[in-house]
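# Summary of the model geometry
Residues per chain, in single letters:
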Amino acid sequence: MKLFIFTAAALLICTGFAFSAKQCEDCGNTSVPYPLSTGPTCGDQSYKIRCDAGTLLFDTVNNTYAITSVNPSTQRLVIKPATLISNATCVASDIIHQGIQLNSSLPFNVTSSNTILYFNCTDNLLLSPLNCTSTSLCHVYANDSSGTVAQCKDARLCCTFRTGGSSTSYMIRVRESGCSAYTSFVNLDPNLPVDKWPQPGLEIQWESPREPII
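First, a word on what this report is: a plain description of the structure on this page. Each chain carries its own residue numbering, running from 1 in the direction its sequence is written. Only residues with pLDDT of 70 or above have their local features reported here, since the model is predicted, and side-chain atom pairs are shown and tallied only from 80 upward, although totals for entire chains, interfaces and linings are computed over all residues. With hydrogens and water set aside, each side-chain value is computed from the structure's full complement of heavy atoms.

## Section: the sheet that holds strand 10 (residues 179-186)
Pairing within the open sheet is antiparallel, and its three strands lie in the order 8-7-10. If you trace the sheet from one side to the other, it starts and ends with strand 8 (157-162) and strand 10, each paired once. Within this sheet the neighbouring strands show an average axis-to-axis angle of 20 degrees, counted without direction. Where strand 7 (residues 114-121) meets strand 10, seven bridges bridge the pair, whose relative direction is antiparallel. Across the sheet, residue L117 finds its bridge partner in strand 10, namely T183. Any two strands between which DSSP finds at least two bridges are classified as paired. Helix numbers and strand numbers start at the N terminus; a helix is a DSSP run of H or I with at least 4 residues, a strand a run of E with at least 2. Axes here mean lines fitted to C-alpha atoms, for a helix over just the part in contact, with angles spanning 0 to 180 degrees between N-to-C directions.

As structure tokens, then:
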């Protein structure tokens, strides 16, 4: 009898979990795979993103970025980095937020597939492990007319690095005392000409949700 009661209770718990694990509806033309959640009745509430007028949005600690793609098989999504404030200045529009900052208590982190190009940097960056040489990829991009940061061509120092490691797991920082502009590319092949590069993007991965404890 006790075994029957335990089994029945376990089935109820599993049924409840299955109901709460409902996948969210598509956002525009983009599928929203579980555990990502666009509302209180679907997905896992630890994996919140937003759907606004058919566009998926990713909220950071103090800003919001458009999601350009979602890959459920690799548990990764790509967000669009901030553009420059204007065509006349080499300053990122999210410098007021110090760039992209993820909440480290949530199950999202920056992957190691991103190549970050920093622009308008101070000499402080010369003491960093970043590639700030005259042959750095940031120069190639800034000097190409098809790039989106042409106004950074004559700015101060620029640097390039590949994400990975604790210092970039949850943030891509921009600030006046460091670098005031940036862009990012996912799985960039540096041997390709700039006009063959992918659209700017920053890849973020999500952890697998925990299994229910029965």
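Next comes the rest of the write-up.
## Considerations on the side chain of S37
Tracing the backbone shows S37 in the loop between helix 1 (2-20) and strand 1 (50-52). Buried residues are those whose accessible area, probed at 1.4 Å on protein chains only, stays under 20% of the maximum for their type, while exposed residues exceed 50% and partly exposed ones sit between those limits. Given the relative accessible area of 1%, S37 is considered buried. Engagement of the side chain of S37 in a polar contact is seen with the backbone oxygen of C42, the distance being 2.7 Å. The residues touching S37, leaving out its near neighbours within four places in the chain, are C24, C42, G43, D44, Q45, Y47, K48 and I49. Whenever two N or O atoms come within 3.5 Å, that pair is a polar contact, provided that in protein one can donate a hydrogen and the other can accept it, and provided that, for residues adjacent in sequence, both atoms are side-chain atoms. Contact definition: two residues touch when any of their heavy atoms are within 4.5 Å.

## As for unusual backbone geometry
The residue after Y34, namely P35, is reached through a cis peptide bond having omega 15 degrees. Topologically, P35 is positioned in the loop between helix 1 and strand 1. A positive phi angle, close to 55 degrees, is found at Q75, a residue other than glycine. With respect to the secondary-structure elements, Q75 resides in the loop between strand 3 (64-71) and strand 4 (76-79). Notably, Q98 is not glycine yet its phi reads approximately 60 degrees, a positive angle. Along the polypeptide, Q98 turns up in the loop between strand 4 and strand 5 (100-101).

## Some thoughts on the layout of surface pockets
Detection works on a 1 Å grid of protein atoms alone, calling trapped sets that fit a 1.4 Å probe cavities and calling open sets with protein on both sides within 12 Å along at least five of seven lines pockets, with lining residues defined by an atom within 4 Å of a point. Grid points are joined across faces, edges and corners, and a volume is the space filled by probe spheres set on the points. Space inside the largest pocket adds up to approximately 290 Å³. Lining the largest pocket are 13 residues, and of these Y118, L125, L130, R173 and R175 lie nearest its centre. In the lining of the largest pocket, the residues fall into seven nonpolar, four polar and two charged. There is about 250 Å³ of room inside the second largest pocket. Taken together, 14 residues make up the lining of the second largest pocket; nearest its centre are K80, P81, T83, T148 and P200. Only Asp, Glu, Lys and Arg are considered charged in this grouping, and only Ala, Val, Leu, Ile, Met, Phe, Trp, Tyr, Cys and Pro are considered nonpolar; every other residue, Gly among them, is considered polar.

## Considering the state of the cysteines
The disulfide definition used here is simple: a pair of cysteine sulfur atoms within 2.5 Å. The final tally for this structure, using the stated rule, is six disulfides. Shown here is the disulfide that connects C138 with C158, its sulfur atoms set 2.1 Å apart. Across the S-S bond of C138 and C158 the torsion is about 75 degrees, and the bridge reads as right-handed. Placement of C138 in helix 2 (residues 137-142) and of C158 in strand 8 is noted, with a sequence separation of 20 residues between them. A relative accessible area of 0% means that C138 is categorised as buried. Judged by its relative accessible area of 5%, C158 falls in the buried class. Listing the disulfide partners of the protein by sequence rank of the bonded cysteines yields 1-3, 2-4, 5-9, 6-12, 7-11, 8-10.

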